[in-house]
Amino acid sequence: MSDIEEASDTLAEVNLDDNHKPLTENLDCDPNSSHQDIVVTIGATVPTGFELTAADEVKEKLGSQSRISKDRGKIYFDISVENLSQVHRLRSVDNLFVVVQEFTDYQFKETKEDALKDLEDLAKKLPWTDPLKVWKLNTNLKKRKTKHKKQYQQNSISKEKLNDDGGKDRADQKDADEELLDHAQNIPDLKSAGDQNTEKTQDMIPADNQSDGKNEFLTTTGNEDKASDSKKGETEDQKLKFRVTCNRAGDKHSFTSNDAARDFGGAVQDYFQWKADMTNFDVEVLLNIHNNEVVVGIALTEESLHRRNITHFGPTTLRSTLAYGMLRLCDPQPTDIIIDPMSGTGAIPIEGATEWPSCYHIAGDNNPQAVKRAANNICSLLKKNQNKDGGTSWGIPIDTIQWDICNLPLRTSSVDVIVTDMPFGKRIGSKKKNWDLYPACLMEMSRICRPGTGRAVLLTQDRKCFAKALSKMGHLWQRGHTVWVNVGGLHAAVYLLKRTLERAGEKRSYW
């Protein structure tokens with residue numbers, strides 16, 4: 001069970017019919033209405049290029065049709081609030097937010113002053129009530145997670161006192177468990193969608209450094225005490241802190257992201273009487289502008305959902321959401337043997353073992369440090385599962401091994417699927433070496449992959465070198481479709497290959 005699954009299970013325990021006090025005087029609701037009757041639109045950021053893959057997952061697991069945004073890396077789908085816990089089980093989404101309102105053809109005024117004035121007026125007209133109820137539900141989850149962690153710590157301390165002989169070991173285990181629980185304590189901040197859209201978004205407000213936008217925005221916070229007389233019974237905890245993050249793309253706007261965040265945020269503050277805080281905020285309001293498409297939302301995640309499973313990172317650790325997308329492309333079947341011959345820290349095999357436990361996964365690399373990190377990540381996942389189950393962990397179907405990609409210790413035609421992130425020739429290796437490495441890799445992969453049914457999903461940014469190597473292997477590999485992705489600002493490609501019926505050259509047997 002992963003961090004996200006544990007969080008989802010906790011969320012499912014929240015009583016959706018609880019009558020909470022209004023968040024502010026502007027958030028009044030019918031006490032007889034049930035949260036279960038609310039249908040909201042959820043927005044999700046996904047790895048660019050994998051929008052269709054994410055939409056298929058949403059359809060499969062939630063039964064909802066998704067709309068793919070014109071702004072790459074985003075999808076939208078409608079769900080009932082009672083199914084909100086299932087949203088956090090999705091493996092292909094990075095960040096989640098609830099949509100307040102979406103405008104597909106918003107007409108901006110030509111002058112900067114008029115355009116910003118329209119945004120100020122817009123903040124007062126939006127239907128905030130249901131989205132804020134959804135946000136409140138996530139806040140309840142955060143409180144429950146904190147409570148569960150404290151109870152777990154108290155139980156651990158009690159057990160340590162009863163076991164004097166293993167006191168030191170227990171203390172070490174407690175520290176390790178706390179470190180693991182930190183990854184799952186909160187429902188994860190919709191950082192800006194710039195992780196996926198850095199090549200398209202201009203003037204984006206950074207999540208941790210808002211510079212001029214922050215300074216100008218904070219100047220509007222001097223009147224937050226105006227409503228104190230009408231809210232004498234309100235506790236300090238109910239005085240919410242917020243910030244506005246604006247992601248803008250397009251060259252026909254007369255204003256910058258900072259301008260929009262400042263003026264729209266000021267209007268939100270006046271409407272709710274919230275306090276602006278750019279770092280320690282309770283609510284993050286999102287203003288996504290892509291040409292004439294405008295989406296206002298409230299973030300449901302504080303940390304990207306791709307930060308799962310991996311505790312020991314390497315220089316090129318792949319995002320878990322991208323790893324899931326690559327695995328889903330090859331359509332794993334029960335009993336398949338799936339290998340990553342250049343696994344690094346093991347992101348792809350670990351994600352595969354978590355989501356497809358009926359397959360057998362092998363993580364291999366020639367770097368002993370990478371193999372060690374992969375083994376540590378597997379051990380961390382085992383400990384995490386053991387802590388959640390409250391008993392002995394029976395393991396996960398994965399192994400790690402050190403090997404040479406050009407001379408794999410595997411029997412010919414013994415592997416069903418190969419999924420790997422090939423060296424780009426930047427942080428690891430060089431593009432010059434790739435001209436020798438890529439053909440040798442494809443040849444060895446064709447030897448171990450089953451003719452006729454085997455397939456491979458390969459990620460690389462060195463597209464010219466890969467295309468040249470693949471052209472020489474046309475008799476062994478049939479090229480399927482290609483997915484263009486953005487990996488850390490680099491324009492890369494994911495290639496789906498199918499193994500032909502022709503047998504590759506035989507090599508010596510290891511058994």
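Refer to the structure above for everything that follows.
Everything numeric in this text was worked out from a predicted model, so none of it was measured.

Account for the overall build of the protein chain, naming residues and giving values.
When helices and strands are tallied, the protein chain shows 14 helices and 15 strands. Evaluated residue by residue, the protein chain yields a buried proportion of 53% over its 511 residues.

Run through the packing of aromatic side chains, naming residues and quoting values.
Enumeration over the complete set of coordinates arrives at 11 aromatic pairs. Pairing Phe103 with Tyr106 gives two aromatic rings, centres 5.6 Å apart and planes at 75°, and the pair type is edge-to-face. For the pair Phe103 and Tyr106, a shared accessibility class is recorded, and that class is buried. Ring centres 4.8 Å apart and planes at 80° place the aromatic pair Tyr271 and Phe272 in the edge-to-face group. Classification of Tyr271 as partly exposed rests on a relative accessible area of 27%. Among the aromatic residues, those joined into a ring-pair cluster are Trp128, Phe242, Tyr271, Phe272 and Trp274.

Pulling in residues and values, what's your account of the sheet that holds strand E7 (residues 283–290)?
On the basis of which strands lie adjacent, the open sheet formed by 8 strands has the order E2-E3-E1-E4-E8-E7-E5-E6 and mixed pairing. Strands at the two margins of the open sheet, each flanked by one partner only, are strand E2 (66–68) and strand E6 (275–276). One ladder, built from 6 bridges, connects E7 with strand E8 (residues 293–299); its direction is antiparallel. Among the inter-strand pairings, Leu287 is bridged to a residue of E8, identified as Val296. In the packing of helix H2 (residues 51–62) onto the sheet, the strands contacted are E2 and strand E3 (74–80), and the crossing angle to E3 comes to about 10°.

Tell me about the nonpolar core, and name the residues and values.
Judged by nonpolar contacts, the single largest core of 55 residues is most densely connected at Ile42, Phe77, Val87, Trp128 and Phe264. Looking at this core element by element, the count peaks at 6 residues for helix H9 (residues 257–272).

Which residues make up unusual backbone geometry, and what are the values?
Although it is not a glycine, Asp331 adopts a positive phi angle of roughly 50°. By the element assignment, Asp331 lies in the loop between helix H10 (320–329) and strand E9 (337–340). By relative accessible area, which is 48% here, Asp331 ends up partly exposed. Here Thr335, not a glycine, exhibits a phi torsion of approximately 75°, which is positive. Mapped onto the fold, Thr335 is located in the loop between H10 and E9. What makes Thr335 exposed here is its relative accessible area of 64%.

An account of the sheet that holds strand E12 (residues 417–421) is needed here, citing residue identities and associated values.
Taken in spatial order, the 7 strands of this open sheet run E11-E10-E9-E12-E13-E15-E14, and their pairing is mixed. Edge positions in the sheet fall to strand E11 (398–402) and strand E14 (477–487), since each of these pairs with one other strand and no more. Mean inter-strand twist for the sheet, computed between neighbouring axes without regard to direction, equals 15°. The sheet strands contacting helix H11 (residues 347–355) are E9, strand E10 (360–365), E11 and E12, and the helix crosses E10 at an angle near 170°.

How would you summarise the packing of helix H13 (residues 431–448) against helix H14 (residues 463–471) if you had to cite specific residues and measurements?
Running from amino to carboxyl end, H13 crosses H14 at an angle of 45°, the nearest separation of the two axes being 9 Å. Here H14 runs oblique to H13, going by the angle between their axes. Like other packed secondary-structure pairs, H13 and H14 cross with a definite hand, here right-handed. Each of Asn434, Trp435, Tyr438, Pro439 and Leu442 in H13 lies in contact with H14, whose residues at this interface are Lys464, Cys465, Phe466, Lys468, Ala469 and Leu470.

Help me get a handle on H13, residues and values and all.
Helix length check: H13 (18 residues) gives 25 Å between terminal C-alpha atoms against 26 Å at 1.5 Å per residue, within 8%. Largest kink in H13: about 30°, centred on Leu437, with the proline Pro439 one to four residues after it. Regarding H13, the residues found buried are Asn434, Tyr438, Pro439, Cys441, Leu442, Glu444, Met445, Ser446, Arg447 and Ile448.

Could you give me a rundown of the environment of Lys275, with the residues and numbers involved?
Of note, Lys275 is situated in strand E6. On the basis of relative accessible area, Lys275 is assigned to the partly exposed category, the value being 39%. The sequence separation of Lys275 and Leu240 amounts to 35 residues, and the corresponding C-alpha distance is 6.4 Å.

Reading guide: rules and limits
- Residues numbered from 1 in each chain as written.
- Predicted model: local features only at pLDDT ≥ 70, side-chain atom pairs only at ≥ 80, totals over all residues.
- Heavy atoms only, no water.
- Helix = DSSP H or I, 4+ residues; strand = E, 2+ residues; numbered from the N terminus.
- Buried < 20%, exposed > 50% of the residue type's maximum accessible area, 1.4 Å probe, protein only.
- Phe/Tyr/Trp six-rings, centres within 6.5 Å; stacked < 30°, edge-to-face > 60°.
- Pairing = 2+ DSSP bridges.
- Contact = heavy atoms within 4.5 Å.
- Axes fitted to C-alpha atoms, helices over the stretch in contact; angles between N-to-C directions.
- Core = buried A, V, L, I, M, F, W, Y, C linked by side-chain atoms within 4.5 Å.
- Parallel < 35°, antiparallel > 145°, perpendicular 65-115°, else oblique.
- Left-handed = near helix turned anticlockwise from the far one by under 90°.
- Expected span 1.5 Å × (residues − 1).
- Bend = angle between axes of the 7 residues up to and from the residue.

Treat this as a map of the structure, not an account of what it does.
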